[in-house]
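Per-entry structural report
Read off the chains here:
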Amino acid sequence: MPIGIILAIFGALGGLVQEIVGDKSIDLPRVEEKKLYLGSLAAIILGAVIGYLIDQNPLTAFGAGYIGKDIIDSLIGFSKKTEI
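Now for a look at the structure at hand. Given the structure is predicted, the values throughout are model-derived calculations rather than measurements. (Residues numbered from 1 in each chain as written. Predicted model: local features only at pLDDT ≥ 70, side-chain atom pairs only at ≥ 80, totals over all residues. Heavy atoms only, no water.)

1. What about the overall build of the protein?
Tallying secondary structure elements over the protein gives three helices and two strands in all. Written out in order from the N terminus, the α and β elements of the protein read α-β-β-α-α. Taken over the C-alpha atoms alone, the protein extends approximately 40 × 35 × 25 Å along its principal axes. By residue count, 21% of the 84 residues in the protein fall in the buried class. Intrachain contacts of the protein at a sequence separation of at least 6 include 60% that bridge at least 24 residues. Summing over all exposed atoms, the protein offers an accessible surface of approximately 6000 Å²; the carbon and sulfur share of this is 69%. On the protein, the mean spot of the 7 positive side-chain charges and the mean spot of the 9 negative ones are 6 Å from each other. (Helix = DSSP H or I, 4+ residues; strand = E, 2+ residues; numbered from the N terminus. Buried < 20%, exposed > 50% of the residue type's maximum accessible area, 1.4 Å probe, protein only. Contact = heavy atoms within 4.5 Å. Areas by Shrake-Rupley, 256 points an atom, 1.4 Å probe, with all protein chains shown as cover. Lys, Arg positive; Asp, Glu negative; His and termini not counted. Charge placed at Lys NZ, Arg CZ, Asp CG, Glu CD.)

What follows is the structure, encoded as structure tokens:
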């Protein structure tokens, strides 16, 4: 199996574990008022992308997938706080 797919899988698993540990649940995707809310699927997709991009080591990809959502949330929160 190509290393890129392995890294994406480990990153996705990291995102899934982070969702389970953080919320103690998995949120299913849903549609409300013509908007699609991805739920836990967003963390899995984000973890897969970050795991693929970050390094050539599956354990690092898992860790990056695990903390990726938190880092992006903190960066978005930081940018909103610093707006004038």
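2. Observations concerning the pattern of salt bridges
On inspection of all chains with the given rule, the structure shows two salt bridges. Close ionic contact of Arg30 with Glu32 constitutes a salt bridge, the shortest N to O distance being 2.8 Å. (Salt bridge = Lys/Arg side-chain N within 4 Å of Asp/Glu carboxyl O.)

3. Re the packing of helix α1 (residues 3-23) against helix α2 (residues 40-54)
Contact pair α1 / α2: the axes reach a minimum separation of 6 Å and the direction vectors enclose 140°. Considered as vectors, α1 and α2 are oriented oblique to each other. Crossing angle aside, the handedness with which α1 passes α2 is right-handed. Seen from α1, the contacting residues are Gly4, Leu7, Ala8, Gly11, Ala12, Gly15, Leu16 and Glu19; seen from α2, they are Ser40, Ala43, Ile44, Gly47, Ala48, Gly51 and Tyr52. (Axes fitted to C-alpha atoms, helices over the stretch in contact; angles between N-to-C directions. Parallel < 35°, antiparallel > 145°, perpendicular 65-115°, else oblique. Left-handed = near helix turned anticlockwise from the far one by under 90°.)

4. Considering unusual backbone geometry
Its identity is not glycine, yet Glu33 carries a phi of approximately 50°, on the positive side. Residue placement: Glu33 occurs in the loop between β1 (30-32) and β2 (35-37).

5. Quick look at the environment of Ile71
Among the secondary structure elements, Ile71 is positioned in helix α3 (residues 58-81). Between the C-alpha atom of Ile71 and that of Val17, which follows or precedes it by 54 residues, the distance is 16 Å.

6. Quick look at α2
Relative to the 21 Å expected for 15 residues at 1.5 Å per residue, α2 spans 21 Å between its end C-alpha atoms, a close match to the ideal helical length. Those residues of α2 lying buried are Ser40, Ala43, Gly47, Ala48, Ile50 and Gly51. (Expected span 1.5 Å × (residues − 1).)

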